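Below, each chain spelled out in residue letters.
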Amino acid sequence: MIREYLKEHILITDGAMGTYYDRKKSENGRIAEEANLLEPELITRIHEEYLEQGARLIRTNTFAANHAMALGRGVRDRREQDAYVKHVIRAAWKLAQKAAENRPEEIFVAADIGPAAENLFSEYETDPAAEYRFLADCFLECGAQIFNFETFSDIKYVAKTARYIKEKCPEAFVMVSFAANRNGYTTQGISISTASIRLNRCRNRFFISIVPFFCVFDRSFLLIIASAKSFCQWIFVCLCIFSCHICQVSGGFSLPFTKRRFRIENWFSFGDYLLI
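The following paragraphs examine the structure supplied in this document. Every value quoted in this text rests on a predicted model; they were computed, and no experiment measured them. (Residues numbered from 1 in each chain as written. Predicted model: local features only at pLDDT ≥ 70, side-chain atom pairs only at ≥ 80, totals over all residues. Heavy atoms only, no water.)

## Description of the nonpolar core
The condition is simple: Residues belong to a common nonpolar core when they are buried Ala, Val, Leu, Ile, Met, Phe, Trp, Tyr or Cys residues joined through side-chain atoms within 4.5 Å. For every residue, the accessible area (1.4 Å probe, protein chains only) is compared with the maximum for its type, and the residue is labelled buried under 20%, exposed over 50%, or partly exposed between those bounds. Secondary structure elements are taken from DSSP: a helix is a run of H or I of four residues or more, a strand is a run of E of two residues or more, and numbering for both begins at the N terminus. Working rule for contacts: check all heavy atoms of both residues, and any pair within 4.5 Å makes them a contact.
Grouped together as the largest cluster of nonpolar side chains are 42 residues, with contacts concentrated most on Ile113, Phe139, Phe147 and Phe149. Put simply, the parts of the chain that give this core at least two residues each are helix 5 (67–72), helix 6 (78–101), strand 3 (108–113), helix 8 (128–142), strand 4 (146–152), helix 9 (156–168) and strand 5 (173–180). Considering every element that reaches this core, the biggest residue donor is helix 6, with eight residues. Those residues within four positions of Phe139 in sequence are excluded, and the remaining contacts are Thr60, Thr62, Ile89, Trp93, Ala111, Asp112, Ile113, Ala144 and Phe147. Ranked by size, the runner-up nonpolar core spans eleven residues in total, among them Met17, Tyr21, Ile46 and Tyr50.

Right, dumping it as structure tokens:
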């Protein structure tokens, strides 16, 4: 369905969940993913607010839902950690689905996976890819067909997990975003140009559907990305996504969506679809 939608529409996604949750409940010291279990009404309401502002794709509140989160809550037994993470993911999936079902228009729900803490793997002497396969399986059990790997710094484990997802669910739609600093490098020291080449290889092998955006800490760098000739080949072939923020959040996109329309319109000179 999402592929058909993208043939004729620009898809507007939601904005950040964690930073928006912190603005609403900064006094409780709780991370947003815990709120799937403890404050479900608030998480549903945040999803709804993004939809009311025009988003047509919302991501589950699961960016930090992984074994590191369970470990941080003092859950030491591996099986108990598995159960806890599954519980959080299932709750998040239901909340996003509930928000989507209450809308008259077609809404897409993406399973959101963030980068897991590297020290988690050394402690358990496990393959990092196993962590992402576990998370993918949790979402596949929920019925997810759209996956979003958010703000990663390298393609290695994303590519392995995307291939795994496609093998289990051939119709899956996999999106990937990278995070880069103002100099154009990820935390792994990989340049945006190198990352784009690696991501294109994955796209050409058909197990990553699109590369929606790079999350950078300098808005002006987005224009550099779009105007650089080395990026144009895949900017024009990628179906592109906005990040639609309701209120001020951290990172490069600090203005409300309605105040950024003029800037957004300036991007259309780069192609039929918008990459941001």
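Picking up after the structure, the text goes on.
## Considering the environment of Asp82
The residue Asp82 is located in helix 6 in this model. Given a relative accessible area of 23%, Asp82 falls into the partly exposed group. Considered as a pair, Asp82 and Cys138 are 56 residues apart in the sequence and their alpha carbons are 9.6 Å apart. Here Asp82 is in contact with His67 and Phe134, once residues within four sequence places are set aside.

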